[in-house]
Structure formats: structure tokens, C-alpha cells
Amino acid sequence: MEKTYQPNIIEQAAQDYWAKHSVFNAKEDKNKEKFYCLSMLPYPSGELHMGHVRNYTIGDAIARYQRLRGKNVLQPMGWDAFGLPAENAALKHKVAPSQWTYQNIGEMRAQLQQLGFAIDWQRELTTASPDYYRWEQWLFTRLYKKGLAYRKLSVVNWDPVDNTVLANEQVIDGRGWRSGALVERREIPQWFLKITHYAEELLSELKHLPGWPLQVRTMQENWIGRSEGIAIRFDVKNSDQLVQVYTTRPDTLLGVTYLAVAPEHPLALAAAEKNPAIKQFLSEHQHTKTAESELATLPKQGLDTLFRAIHPITGQEIPIWVANYVLMEYGTGAVMAVPAHDERDFEFAKLYDLPVKQVIKPQNAVWDFTQSAFTQSGILFNSGTFDGLTTEEGFKAIIDHLTQHGHGQRQVHYRLRDWGISRQRYWGTPIPIIYCQHCGIVPVPDKDLPVVLPDNITLDAPVSPLKSLPEFYETTCPHCGSHATRETDTFDTFMESSWYYARYTCPDQPKAMLDERANYWLPVDQYIGGIEHAVLHLLYSRFIYKVLRDEGLIKGNEPFTHLLTQGMVLKNGAKMSKSKGNTVSPRDLIAQYGADTVRLFTIFASPPEQSLEWSDSGVEGSYRYLKRLWAYAQQVGEFIRSQPAQPLLDKTLTEEHKSWRKAIHAILQQASQDMERLQLNTVVSAAMKLLNILTDIPANVENFGVIHEGLGILLSILAPITPHISHHLWQSLGYGEDILQSSWPVVDTSALQTDTINLVVQVNGKLRCSINVPAAANEELIQSLALADPRIQQHLADKVPKRIIVVPKKLVNIVV
């Protein structure tokens, strides 16, 4: 054993051992409890950042711990290889995206291996591989045939920098989630997956995910946005058209003073044919930002279409306005405006001097309707026969009235919209669709899959070259043999990441998307990734899992049993990023301190779910701890190796031995609980305390058993977090060939028990001393021992106690 800690040598040796013995290559074993541990797959940028290191170190610590618990562990790795970042980087460097991507994969794989992660590399997959996306295309053709995939003209979120469509979930504060560009509105043909078909199940199943953070479940619940209300039909005067609106507040119906329709609504288009001002208005609002989150702050604008709706209860005429705050893709593209009871409608009505009619009032207060809308529950008034009803009673009564008179229908409504999966860029999975003049839309037959993306193309502009590659898009119709063309849009890259976790279970299966191994490993037992994916990736993955289930490919309802959303890595209070110039190179840190130091710091510096503030001194402190551990192992190493390990027998232990063992096993108990709770930073704290205890124990023959046991426990606690040094010391100190073949240590509960207990002794309620008494002592013995203590005798001064109160296991109070 080397005298000094040399991480570069021992880490390479440990990694060579793991590779030689294929330690992390998982195999299905029905005789063992499985544990599937997975961190979200990375985009291959070419250089690991500290966010990667933290994410995968957390996952690796969990995987290694579960292995020590005796479980059959799978921890795979792959690459989210398609997408705009690779395409934009390739455009900048004038190389093919495929060349850029695969070069980066090679570099990042080497860096991950340097960190010693317990990854099953035989299952590695790349989403840009035809072997992978072939099955994604296959699944899409099945969904098309079932009506769950469809194409339609749609007003979309257009990113003018990345030149592609974004799903609603990819628009953050009105900007593209990658480019940051202000999103525009355009109408183009798009492919969609009918995620709304699963809306109710996606919502109801959230309550069966107690292993997910409440914040994530709440975010998904709000995004799905289930509401109960009514679809109300308004006749249009002198027209055969109808305006249908959906509302969750039918109790306010008598307060409607105008209807508002989206610029794309048929009535708005009809009005524009006769009114040049409205035509100009529609033209100006073609590119209005479409993110729903923008509506609250959007400057309100509108025009009277001169159409009039007929109120379904009062028969009064109501003006119909075209307004920029109504989106065609949400609901019916029309809203009933109740300015007195909706802030948005109130703002619009004040702007255009429209009536504000109050129909709900607070139960026990006065409201100034000239200042703001009253949006809470209350009592109906100015509502005819419905006056005096509560909001809840009015809700039901007005719905009943409308349905009985054929003016409305009760509905359950969802905020969730179908998933737009078309992207107008090149570096992605080709959508397997053929367009034939005679046969229309034809899915590519199974025998012709995959539709392979040409991957040797160097880009010269941020537009897809597929549209100008006849060798790609020209084909023949598989039905009639006529000349036909391929779809040149590619899939949204969230398609690839919505099922990769399932393909890891059988990546070498050439004849099917999944096989029986999927049902052995799935669902993922522990999933780790950022909170930023709460609505995007996690919702899509849940949806696709249910689709795979309904196709008979897997069992169960949910892909991820437990979810951990790790915090960001910060430096000087800001997220690490190249643009801020505050990044730290993992490669340099490993070269200077070793992988175990980097792993130890990232685990110790913060609880996993909280942000980690970078600290150079913290890294130095972690390195000093490992050097101290090494030095201690060096000090006791020869002594330990020369002594045969024997079981510790209680009768041979002194009181001092028992005291040390009690402290050791108390720390083990806490560390075990913290590992189960994933409070990994306090596991490191436990390891630090344990080393302090061990170094205080004299290294001699009499103490050998306690030292041997304690150091073995320490190495086991550290093994998931600092695997290289733990592996080396376990071997060199003679504990065994491979610490991963051992078990997580078991707490000796008898060691935590004590023969004596310490009691506080008071005289007339004032603390005077403390005494040790036998744990089994009765009240009479405790009183005698308290009275016999010289310190108590001094305070009694020959006075006879009036009363002696014994509080079991706590105190004795002598009243004189």
C-alpha cells in the first residue's frame, strides 16, 4: 500500500478491475429484487459540466448503495443526440451534425468513465442511430393508424432564430426555450400526437406517484388543467353562424356584456371581408405571441365586428369583438366577457368603454366595482330568477337551465393541448410519411423502416436541406406505385427522450421495439433529473409509456416510480454557464484531485434537491478528508492485516469498547436512514464523524475488533460516494476482493443499548449534578443512589427530604 494518497493510480486500477470483471453489466435475474436507477440522458455537447457531474454522481451513489443492499441493479447511459444545438454548432463549425455529435459522444463517454460511474456500457444507445429511431418511426405509424397521430393546419409557435415550430411547453415567457427569441404566430401544416386522449389518466395517475416531488406533480396537474363547466351556444343575429364558448363560471352568465373572438375565428374573418379596419387588425396580429402565459401582460387591443350575439337567457343583443387576447388554439377561440368578474375582461372593457354589469357580490362585504373585478365566490344578484343563489348553487342552476333549453352542454375541459411533434429542421428523426397524389397520406410500411436521415451533410444555412434533396424526398407510393414525396419535417427531439428508458432494457433487440426484458426492469425505480423537465419531458414520457402499454409492449401505468429533481450548480450566486464565464472544468479537477474528491464534494456540499454553491475551499476540504482516511488506513493497515478477524463477543468487551461501538453503530444507523431518504450530504457527514471516532481509538491488540469493524463500516458507507478509494482499501486491508460483492452493514441494535443511564438530579428544582444508574434500576434504588451522592449530601445539609420525584430516564427532583 502506497504511503501517500495517489488518486490517479488507484482510480485507474479500480476502473480497470470493474471493466475486466464486467462488474456493472446487468443481467435479468428473477431470483433477485431488481433496481433500475436512471439519470436523464445528456445532450452530447463535448464537455462535461459540473451539472452533469452532480446529476450522475447522485444517481451513481444511489445505484451503488442499492447494489450493496443486494439488489440486481441496472444503471445505463445514452445520448440525446438529435436536435438544434448540434445542428447550430455544426453550422457554426462547418461540419456535418453527425460528425460533430459522434465526436462529442466519444469525448463525453471518456469523461464519464473517468468519474468511475457504475454504468452498464453494453446498453449504451444513441438516439441519432437508425437502429434506435427505427422503432420510434414504427410506433408513430401505429399511432397514425389508430387516429392518435394526425396532421392539420395549425397556428403554431414559430421560433424565428431556430426556424422551427415549438410546442406550447417549449415557450417560456413568450420566448423559445433554446434560442430565447420572441415567438411568433404562423399557420402551417403540423403533425400532432393526441396526448389529450390520455388527459384524464395523466391527471388521475399523479396521485399514485407519492415518490415524486409535490412541486412536479402540482406543475403537471396545473398544465393538464382539468375544469368542469359548460359549452354555451350563442346565436348570431341575422346569421346562421353560432358562437360557442366554454366557461367554468356559468354563475356569471347574466353579467356578459360582450363576446371576444380570436383573430382567426370564422366570424372575425367574415367581418374582415366587409371592414378594411378589421382586415388590417387581423394582418397586424398574425404574429402575436401565442404563449398562454403572455395573455395576462399583453396590451389589450380589439375591434367591434358589428356582429351581435343573442344572450341565451335574456335574449338581449351582445356585441362581438375581435380581440388579441383570445387564442384560437385554446378552447373554441371565443370567450364570454364578464368585465365585473374577470380582470382581463375588466381591463378590456375599461379600455373600450364597454358596460360592466355586476351579478355576483361578496357575502359579507362591499366591493368597489369601478376599481377592479370581483372574481371570488359570492351571492348572485341582477340575475333575474337566479338572484340570491350562492355561486355554487348558481353554477348548477344556470347549467340546468341552459341544457334544458338546448343552449348548452355540460363539459369537462382540459388546458392540455395535443403535442405538436413536427420540426422544420434537419437533425432529427424523419417522420415516416409519404404523400401520394392518388392515395393521400400513406405511412411508410414496416419493411421500409427506418427512413434513414442522410447524415453526411454539411449545413450552410439554418434551414433544413431535406427539402432540397430529391434523393431523400422523392419516392414511390407503397400502395399504388405512383410518384410520391416524403415528409421532410422531423420529429421533435422530445420524441426520442420519451421512450429511451424502455429501450435500455433491450437495446440489442433487432426485431421489435421492446421484448420481455422490458417488463423485468420497468418501471424505473429511481429517476434523476432537473426540475426544468417537469412539464416537457416528464409529461411526454408518461404519455408514451401509456401508449406503449396500450400497444401491448409493456405492463404497468407509469414509467418512473421515484423522481429526484436535483438542484443547480451555482458559482458566485449564478448558475454555471460559459456565457457568464463562471464554469469549472471537471476534467481539470479530476486531474488535480481525483474523481473521488470531485464526487465527495458534489455530494457533501448540499442536499441533492437544493442548489449547490461552488467552493474551491470545499473541494480542498474533501481532498484533505480522503488523504486523512488514506493516512489512517496506512497507520492501522499492517496491524489489521496481521490479525485474524473474529466476531465481537459482548463478554469480551470493556465499557470503553461498548462506548465506541455504540457511537459507531449510531452513526451507521443514521447513515442508513439518510441513504434511504436520499439525504446524501449527511451520509458524508456521518463518514467524517466516524473517521474522527476511529482515530481516537488506540491502535492495539485489545481494540482490534472494534477498529476492524468500524473501518469496514466506514468504507461501506463511503463506497457509493467515493468508490475508488473504498475499493482499494477494502482489498488492501484484507476485507475482501470486491467491496461491491459485500453487503451494506447491518446496525447492531444491541450495541446501541446501554447498561447504565444518566439522570439529572435537582434539589428543589435546581440542577445540582447528574448520576449514572443501572438501566434496570427501580425507583427505590434510583432514590438511594441520588441521596448517596456526595454533591447532593452537601446541598441537603442534614435536612430530611419531604418528597423525592423520579421522572423515568430523565431526572430526580429532591424536595426539602
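To be clear, the structure that these remarks concern was listed above.
Time to look at the overall build of the chain. Within the chain one finds 26 helices and 34 strands. In terms of overall dimensions, the chain has C-alpha extents of about 105 × 80 × 50 Å along its principal axes. Out of the 816 residues belonging to the chain, those deemed buried represent 55%. Nonlocal contacts in the chain, meaning residues at least 24 apart in sequence, comprise 72% of its contacts between residues at least 6 apart. Once the 81 positive and 89 negative side-chain charges of the chain are each reduced to a mean point, those two points are 3 Å apart.

Before going further, it helps to examine the environment of Asn31. Assignment of secondary structure puts Asn31 in the loop between helix H1 (7-20) and strand S1 (34-39). In sequence terms Asn31 and Lys71 are 40 residues apart; their C-alpha atoms lie 10.0 Å from each other.

Glancing now at the pattern of salt bridges. Here the structure, examined in full by the defined rule, presents 37 salt bridges. One connected set of salt bridges, linked through shared partners, spans Glu201, Arg542, Lys546, Arg549, Asp550 and Glu558.

On inspection of all chains with the given rule, the structure shows 34 aromatic pairs. Taken together, Tyr500, Tyr501, Tyr504, Tyr527, Tyr545 and Phe560 form an aromatic cluster joined through their ring pairs. The ring of Phe381 has Lys361 sitting right over it, with the charged end atom 5.3 Å from the ring centre.

Strand pairing within a sheet occurs via backbone hydrogen bonds; the two strands may be parallel or antiparallel. If you trace the 4 strands from one edge of the open sheet to the other, you get S6-S5-S9-S19, paired in antiparallel fashion. This sheet does not close on itself; its edge strands, each paired only once, are strand S6 (164-166) and strand S19 (419-420). In this sheet, S19 lies alongside strand S9 (residues 184-193) in antiparallel orientation, the contact comprising 2 bridges. Paired with Leu193 across the strands is Trp419, a residue of S19. Seen against the sheet, helix H5 (residues 130-145) touches strand S5 (149-159) and S9 and runs at an angle of roughly 90° to S9.

Moving on, we come to the side chain of Thr101. With respect to the element layout, Thr101 can be found in helix H4 (residues 97-114). Here Thr101 falls in the buried class, since its relative accessible area comes to 1%. In contact with Thr101, other than residues within four places in its own chain, are Pro44, Ala81, Ala86 and Trp427.

Backbone phi values are negative for most residues with the exception of glycine, while trans is the configuration of most peptide bonds. Looking along the chain, the bond that leaves Leu449 and enters Pro450 is cis, with omega of 5°. Checked against the element boundaries, Pro450 lands in the loop between strand S22 (440-443) and helix H12 (470-473). Cis geometry is found at the peptide bond from Leu522 to Pro523, where omega equals 0°. The residue Pro523 is located in the loop between helix H15 (517-521) and strand S26 (524-529) in this model. The phi torsion at Asn238 lies on the positive side, around 55°, for a residue other than glycine. Relative to the elements of secondary structure, Asn238 occurs in the loop between strand S10 (226-236) and strand S11 (242-247).

Overall, the coordinates contain 0 disulfides when judged by the stated rule. Summary of cysteine pairing: Cys506 is not part of a disulfide, and the nearest cysteine sulfur, belonging to Cys37, is at 19 Å. Taking the relative accessible area as the measure of exposure, Cys506 reaches 0% and is therefore buried.

For the rest of this paragraph, the subject is the sheet that holds strand S33 (residues 803-807). Taken in spatial order, the 4 strands of this open sheet run S32-S31-S34-S33, and their pairing is mixed. In this open sheet, the two strands that pair with only one neighbour each are strand S32 (766-774) and S33. Across the sheet, the mean angle from the axis of one strand to that of its neighbour is 20°, orientation sign disregarded. Contacts from helix H25 (residues 779-788) reach strand S31 (756-763), S32, S33 and strand S34 (811-815) within the one sheet, and its direction differs from that of S32 by about 125°.

Taken N-terminus to C-terminus, the directions of helix H20 (residues 655-677) and helix H21 (residues 680-695) make an angle of 165°; their axes are 8 Å apart at the nearest point. As far as their axial angle goes, H21 and H20 are roughly antiparallel. Crossing of H20 over H21 shows left-handed handedness. In contact with Ala663, Ile664, Ile667, Ala671, Asp674 and Met675 of H20, H21 contributes Leu680, Thr682, Val683, Ala686, Lys689, Leu690, Ile693 and Leu694.

With that settled, consider helix H2 (residues 50-68). In an α-helix there are 3.6 residues to a turn, and that puts residues three or four apart on one side. When the terminal C-alpha atoms of H2 are compared, their 27 Å separation across 19 residues agrees well with the 27 Å that a helix rising 1.5 Å per residue should span. The element H2 is extensively covered by neighbouring structure, given that 18 of its 19 residues are classed as buried.

The relative placement of two packed helices comes down to the angle between their axes together with the axis-to-axis distance. Relative to each other, helix H19 (residues 616-642) and helix H23 (residues 723-732) sit at 10°, their axes nearing to 10 Å. Taken together, the axis directions place H19 and H23 in an arrangement best described as roughly parallel. For H19 against H23, the interelement crossing comes out right-handed. Residues Leu626, Leu629, Trp630, Ala633 and Arg641 of H19 form the contact with H23, whose own contacting residues are Ile725, His728, Leu729 and Ser732. In terms of residue class, the contact of H19 with H23 is made up of 6 nonpolar, 2 polar and 1 charged.

What follows covers the side chain of Asp489. Along the polypeptide, Asp489 turns up in the loop between strand S24 (483-486) and strand S25 (490-491). One polar contact links Asp489 to Gln424, side chain to side chain, over a distance of 3.1 Å.

One can find Cys37 in strand S1. The class of Cys37 is buried, set by a relative accessible area of 0%. Expressed as a C-alpha distance, the spacing of Cys37 and Gln669, which sit 632 residues apart in the sequence, is 24 Å. With near-sequence residues (within four places) excluded, Cys37 lies in contact with Gly59, Ile62, Ala63, Leu74, Gln75, Pro76, Gln526 and Ile528.

Turning next to the pairing of S32. Bridge count for S31 against S32 is 8 bridges, and the pairing is antiparallel. From the neighbouring strand, Val760 faces S32, where its bridge partner is Ser770. What sits between the antiparallel neighbours S31 and S32 is a turn of 2 residues, in which Asn764 has the positive phi angle 55°.

The next subject is the nonpolar core. Membership of the largest hydrophobic core comes to 94 residues, with the highest contact counts inside it found for Leu193, Trp419, Tyr500 and Tyr501. With 8 residues, the top contributor of residues to this core is helix H16 (residues 537-550). In contact with Tyr501, not counting residues within four places along its chain, are Tyr36, Leu38, Leu522, Val524, Ser541, Tyr545, Pro559 and Phe560. Judged by nonpolar contacts, the second largest core, of 92 residues, contains Ile10, Ala14, Trp18 and Ile693.

This paragraph deals with the pairing of S24. The sheet contact formed by strand S21 (residues 433-436) and S24 spans 3 bridges and is antiparallel. Its bridge partner being in S24, Ile434 is matched across the sheet by Arg486. Alignment of strand S23 (residues 474-476) against S24, held across 3 bridges, turns out to be antiparallel. Its bridge partner being in S24, Glu474 is matched across the sheet by Thr485.

The subject of this paragraph is H23. Most of H23 sits out of view: 8 of its 10 residues are buried. Along H23, the positions that sit buried rather than exposed are Pro723, His724, Ile725, Ser726, His727, Leu729, Trp730 and Ser732. Where the residues of H23 are buried, they touch H1, H2, H4, helix H18 (595-604), H19 and helix H22 (704-718). Backbone geometry just downstream of H23 places Gly734 in the positive-phi region, at approximately 85°.

For Val243, the position within the fold is in strand S11. In this structure the C-alpha to C-alpha distance between Val243 and Ile232, which are 11 residues apart in sequence, comes to 8.3 Å. Those residues in contact with Val243, other than ones at most four positions away along the chain, are Ile232, Arg233, Phe234, Val236, Leu259, Leu267, Ile320 and Ala334.

So, how was this worked out
- Residues numbered from 1 in each chain as written.
- Predicted model: local features only at pLDDT ≥ 70, side-chain atom pairs only at ≥ 80, totals over all residues.
- Heavy atoms only, no water.
- Helix = DSSP H or I, 4+ residues; strand = E, 2+ residues; numbered from the N terminus.
- Buried < 20%, exposed > 50% of the residue type's maximum accessible area, 1.4 Å probe, protein only.
- Contact = heavy atoms within 4.5 Å.
- Lys, Arg positive; Asp, Glu negative; His and termini not counted.
- Charge placed at Lys NZ, Arg CZ, Asp CG, Glu CD.
- Salt bridge = Lys/Arg side-chain N within 4 Å of Asp/Glu carboxyl O.
- Phe/Tyr/Trp six-rings, centres within 6.5 Å; stacked < 30°, edge-to-face > 60°.
- Lys NZ or Arg CZ within 6 Å of the ring centre and 35° of its normal.
- Pairing = 2+ DSSP bridges.
- Axes fitted to C-alpha atoms, helices over the stretch in contact; angles between N-to-C directions.
- Disulfide = S-S within 2.5 Å.
- Parallel < 35°, antiparallel > 145°, perpendicular 65-115°, else oblique.
- Left-handed = near helix turned anticlockwise from the far one by under 90°.
- Expected span 1.5 Å × (residues − 1).
- Nonpolar A, V, L, I, M, F, W, Y, C, P; charged D, E, K, R; others polar.
- Polar contact = N/O pair within 3.5 Å; in protein donor to acceptor, adjacent residues only side chain to side chain.
- Core = buried A, V, L, I, M, F, W, Y, C linked by side-chain atoms within 4.5 Å.

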